[in-house]
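Analysis of the macromolecular model
Residues per chain, in single letters:
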Amino acid sequence: MAKLIDGKVISAAVKNEVATEVAALKEKGVTPGLAVIIVGEDPASKVYVANKEKACEQLGMASFKYALPENTTENELLELINKLNNDSSVNGILCQLPLPRHLNEELIINSIIPEKDVDAFHPQNVGKIMIGNYDFLPCTPAGIMEMLKYENIEIEGKECVVIGRSNIVGKPMSMLLLHKNGTVTVCHSRTKNLKDVCRRADILVAAVGRANFVTADMVKPGAVVIDVGINRLENGKLCGDVNFAEVEPVASYITPVPGGVGPMTIATLMKNTLTAAKKQNNI
Ligand code: NAD
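Residues numbered from 1 in each chain as written. Predicted model: local features only at pLDDT ≥ 70, side-chain atom pairs only at ≥ 80, totals over all residues. Heavy atoms only, no water.

The next subject is the side chain of K116. In this fold, K116 is placed in the loop between helix 4 (105-111) and helix 5 (123-131). The side chain of K116 is buried and forms no salt bridge, while D87, the nearest opposite charge, is found at 6.1 Å. For K116, the side chain forms a polar contact with the main-chain oxygen of N85, separated by 3.0 Å. (Helix = DSSP H or I, 4+ residues; strand = E, 2+ residues; numbered from the N terminus. Buried < 20%, exposed > 50% of the residue type's maximum accessible area, 1.4 Å probe, protein only. Lys, Arg positive; Asp, Glu negative; His and termini not counted. Salt bridge = Lys/Arg side-chain N within 4 Å of Asp/Glu carboxyl O. Polar contact = N/O pair within 3.5 Å; in protein donor to acceptor, adjacent residues only side chain to side chain.)

Put into structure tokens, the structure is as follows:
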């Protein structure tokens, strides 16, 4: 039976540390502030944005929410980002993805100045992560690294397999595991013999976006299994990319969905906003 890696407990520990630092910053007259922009009515995005606002409140940070209508033009959005880029009470800016199709996601992401890019999606921040000399780490992969650290799971020399090569999760995840001296393989929709590749993994990270995609026969006995997926089933329940019931008896550690990687993503976002506030105020 695998040990459950509890994202709620670990994220609470991270948030506690952030809250302590926020209180100290406030005594110096600095309140870290996060601006969150949401365009349109995507129900999942609305939940994520609400959770981010709640986390800011909990930790004593200021949150500024901009809920824009679906038909917002690119220029209107760029204008808002420009205003926030120049607002000293805003230390971090986040534009909730996905954006409606008429908006150029790359253009929008690139318009947030790197110093306030707390998602670490700007090419300048992505480049810094490649080199290993960074200010911010992307929230989901960094949250996963925090979980592995919390559980004292060794990465050096281990076979690490990441399923998924998105810019948000898969690619940066593989880079962070590489920085910790893992032997990293990245799988994707064109990978051949996926099952055999996955079975090599000491640490298996699933970021596919397909419910119950990872089955027991893809997991080496004793592997650490990290489930990034958030999939909504027809009955309304959330479900990960890993078939938990099948895989849990085979793995040594496993993250649940919900209550696994999700809360870590938000905790890292708060940490990044704090870092941004400190840097912008030379603290
Ligand atoms: P994405 O759609 O951008 O990428 C999915 C990746 O899966 C692609 O690189 C693709 O090549 C790969 N893939 C698809 N089919 C495959 C197959 N049959 N075999 C092997 N690889 C395959 O998704 P994403 O943004 O990386 O997100 C992945 C999942 O993680 C989603 O469920 C998303 O909701 C979730 N997510 C969770 C958090 C969190 O905080 N927990 C954060 C971001 C994303």
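This next bit is on unusual backbone geometry. Looking along the chain, the bond that leaves L97 and enters P98 is cis, with omega of 0°. By the element assignment, P98 lies in the loop between strand 4 (92-95) and helix 4. The amide bond that connects V257 to the next residue, P258, takes the cis arrangement and shows omega of 0°. Despite not being glycine, N181 has its phi angle at roughly 70°, a positive value. Assignment of secondary structure puts N181 in the loop between helix 7 (170-179) and strand 6 (183-187).

This part is about the side chain of T255. Relative to the elements of secondary structure, T255 occurs in the loop between strand 11 (253-254) and helix 10 (261-280). Here T255 falls in the buried class, since its relative accessible area comes to 1%. At 2.8 Å, the side chain of T255 and the backbone nitrogen of D227 are in polar contact. For T255, the residues in contact, after removing those within four places along its chain, are I5, M147, V225, I226, D227, F244, G260 and V261. (Contact = heavy atoms within 4.5 Å.)

In this section: the sheet that holds strand 3 (residues 62-68). Ordered by their spatial adjacency, three strands build an open sheet running 3-2-4, and the pairing between neighbours is parallel. A strand with exactly one partner marks an edge of an open sheet, and here the two such strands are strand 3 and strand 4. Sheet twist, expressed as the mean angle between neighbouring strand axes with direction ignored, is 15°. As paired strands, strand 2 (residues 33-39) and strand 3 are joined by seven bridges and run parallel to one another. Residue pairing for strand 3: L34 is matched across the bridge by S63. Against the sheet, helix 3 (residues 74-85) contacts strand 2, strand 3 and strand 4, and its axis sits at roughly 180° relative to strand 2. (Pairing = 2+ DSSP bridges. Axes fitted to C-alpha atoms, helices over the stretch in contact; angles between N-to-C directions.)

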